[in-house]
Amino acid sequence: MSPSPSPSSRVAPLAWLILVVATLSGAAWWWQIGRPVALPDAPTARIACVSYAPFRKPGETPLDPHAFVSPERIDADLKALSERFDCVRTYSQGFGLNAVPAIAQKYGMKVLMGIWLGRDLALNDREVTMGIATAKAYPQVIRGVIVGNEVLLRGEQSPEAIAAYITRVRSALQDVHVPVTYADVWEFWLRYPQMANVVDYITIHILPYWEDDPVPPQDALKHVADVYAQMKAHFSGRAVMIGETGWPSQGRPRREASASLVNEARYLREFLLYAGSVDMPYNVIEAFDQPWKRDQEGTVGGYWGIFDVNAKPKFSMQGPVVEEPNWIAGWFAGVAGAVLFLLSGIWRRGLANTRSRVALILAGFATATSIAWQGRRMLFDCRNQLEWVFSGLLCALALLSAVYLARRIAARLAGAAIQLPDRRVRFLWMFGLAFYDLLLVFDGRYRDFPLGLFWPPAVGFMIAALMESADNCVVPIIEERFMACLLPLLTAVVVAQEIGLNPSTWLWLAVNFATAGAVMIEWRRAARLQTYQPQATHQ
């Protein structure tokens, strides 16, 4: 009777298929983000009004009460912005921003001047006092005074308290005829309609990406038009302005609402077409990317700007838009990875043959394109040197783990006997994956999915488990078995939280299944072997 084929010989075609698919997927992803995407042209590159905050240098943040922006910085910014914007919106009188109206006047710009309200009553009083003085000094420049921004959303003051501040400002500015308003997300105007009684006009925020039910980019403009029509109908006879609208260029997807450069360009172009057709007052968020917002809102918070932190336009208002002009770097990384993996095994016993070398090349290309994806994410995600060092070390660990696994897989595909991968390495990755899964489940609103980091070891451990022979089979430790059961359950919750509409959650689920699957395969194989051996002994 001929011997039955070993597990490794039976699954070798599957292992080759996984390596080929992983390689082609990495190449295709980088190619895809480098393709020009045709978008509708905006009617003009000029925009009516834009939110202006100058905090774009490393370490600058309005959360620092001692922060100050010099008039020279503001002058340089407004001089540049005046070439594309008729108006700027500010949010505070502090940090030197009370100088904005005087400087805007030099360049023929108008100002939607903000007075910040929060929990600190003393600070609120200073803001109101400074705002009144500034508006009285430059009434011809002030298009409106916005007393409080999303204070109800943050729950920092009651409607009555906000109304009192607004009334105080309106009374003080009656003689200079400067209109006064309050700004908040549109739902909060419906929740507190009495706020309309104390303002000269209603200022609403419509941000399709941040809605409780996120709106995909293809439906975003219709959503804005529907909300605006609803608000006009609800507050019949009152002027309604869109005080904030926009789209982020980077960050985690929310259901079908994907943060990307192409989607930001698409949204703004379509919105400008719409705004021009209905003669609607509006303000776009925002002029410059704001790195400090990433501390509060994750990666996505820092990338709502039309210009980047260096004051360079992120996209044009006409013609196709490319998500990643330097996409070819991903392919170069793949080739470098293929060479590295090949060199790592070229002098090792069992790897000096064509099949093992091809396996190493495929594994190296797939791994490097994946880690290069993570490296690209680091350019947007990392906020400081500590995060750069930590993320870089994790990427190096992923690369070393992938090399370690690829050599064993390549040798096995070439028919050589190998030792099992060290279980401590797999346990480390499983523990890290479980920890991040818990963060996503319980605090995932602002967290990205580090797919490029976890894919290479996940796929490597899965193939290694498939390729194990019966004589190498061992029962996974109880901690691994527990996490193998836990990982898919946690990730299923993440998918459910996004009601199955976020592609990133499904890819994350696949990472968890691949990692857990490696343990499940070994567990099942060991159980079958233990069942078979006593029977064979009895016979």
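What comes next is a walk through the structure. (Residues numbered from 1 in each chain as written. Predicted model: local features only at pLDDT ≥ 70, side-chain atom pairs only at ≥ 80, totals over all residues. Heavy atoms only, no water.)

1. Side note on the sheet that holds strand 7 (residues 202–205)
- Strands sit in the order 2-3-4-5-6-7-8 across an open sheet of 7 strands; the sheet is parallel. Every other strand in the sheet has two partners, leaving strand 2 (50–51) and strand 8 (240–244) as the edge strands with one partner each.
- In the sheet, strand 4 (residues 110–115) pairs with strand 5 (residues 142–149) via 5 bridges, with the strands oriented parallel. Following the sheet pairing, Leu112 is matched in strand 5 by Gly144.
- Seen against the sheet, helix 4 (residues 121–137) touches strand 4 and strand 5 and runs at an angle of roughly 160° to strand 4. (Pairing = 2+ DSSP bridges. Helix = DSSP H or I, 4+ residues; strand = E, 2+ residues; numbered from the N terminus. Contact = heavy atoms within 4.5 Å. Axes fitted to C-alpha atoms, helices over the stretch in contact; angles between N-to-C directions.)

2. Some words on the packing of helix 8 (residues 217–234) against helix 9 (residues 261–278)
- Put simply, helix 8 and helix 9 touch, their axes get as near as 9 Å, and they point 35° apart. The element helix 8 and its partner helix 9 pack so that their crossing is right-handed. For the pair helix 8 and helix 9, contact is made by Pro217, Gln218, Ala220, Leu221, Val224, Ala225 and Tyr228 and by Asn263, Arg266, Tyr267, Glu270, Phe271 and Tyr274, respectively.
- For the contact of helix 8 with helix 9, a count of residues per class yields 9 nonpolar, 2 polar and 2 charged. (Left-handed = near helix turned anticlockwise from the far one by under 90°. Nonpolar A, V, L, I, M, F, W, Y, C, P; charged D, E, K, R; others polar.)

3. Section: the packing of helix 14 (residues 423–443) against helix 15 (residues 451–467)
- Here helix 14 crosses helix 15 at 135°, and the two axes come no closer than 11 Å. As the angle between them shows, helix 14 and helix 15 are arranged oblique. Taken as a pair, helix 14 and helix 15 cross one another with a handedness that is left-handed. Together, Val425, Arg426, Trp429, Gly432 and Leu433 of helix 14 and Leu453, Phe454, Pro457 and Phe461 of helix 15 make up the contact between the two elements. (Parallel < 35°, antiparallel > 145°, perpendicular 65-115°, else oblique.)

4. Here's the deal with helix 4
- Under the 1.5 Å per step criterion, the end-to-end length of helix 4 is 24 Å for 17 residues, consistent within 8% with the ideal 24 Å.
- For helix 4, the full list of buried residues reads Asn124, Glu127, Val128, Gly131, Ile132, Thr134 and Ala135. Considered in projection along helix 4, the buried side chains sweep an arc of 170° and stay on one side of the axis.
- Of the surrounding elements, those touching the buried residues of helix 4 are helix 3 (100–106), strand 4, strand 5 and helix 6 (159–172).
- Measuring from the backbone nitrogen of Ala122 back to the side-chain oxygen at the start of helix 4 gives 3.0 Å, which picks out Asp120 as the cap. (Expected span 1.5 Å × (residues − 1). Buried < 20%, exposed > 50% of the residue type's maximum accessible area, 1.4 Å probe, protein only. Arc of directions from axis to C-beta. Polar contact = N/O pair within 3.5 Å; in protein donor to acceptor, adjacent residues only side chain to side chain.)

5. Quick notes on the nonpolar core
- Residues Leu78, Leu81, Val145, Trp189, Ile204 and Phe271 are the most contacted members of the largest nonpolar core, which totals 92 residues.
- The leading source of residues in this core is helix 9, at 9 residues.
- Residues within four places of Ile204 in sequence aside, it is in contact with Asp184, Trp186, Trp189, Tyr228, Met231, Val240, Met241, Ile242, Gly243 and Glu244.
- Core analysis: the second largest hydrophobic core is formed by 60 residues, Tyr436, Leu453, Ala458 and Leu466 among them. (Core = buried A, V, L, I, M, F, W, Y, C linked by side-chain atoms within 4.5 Å.)

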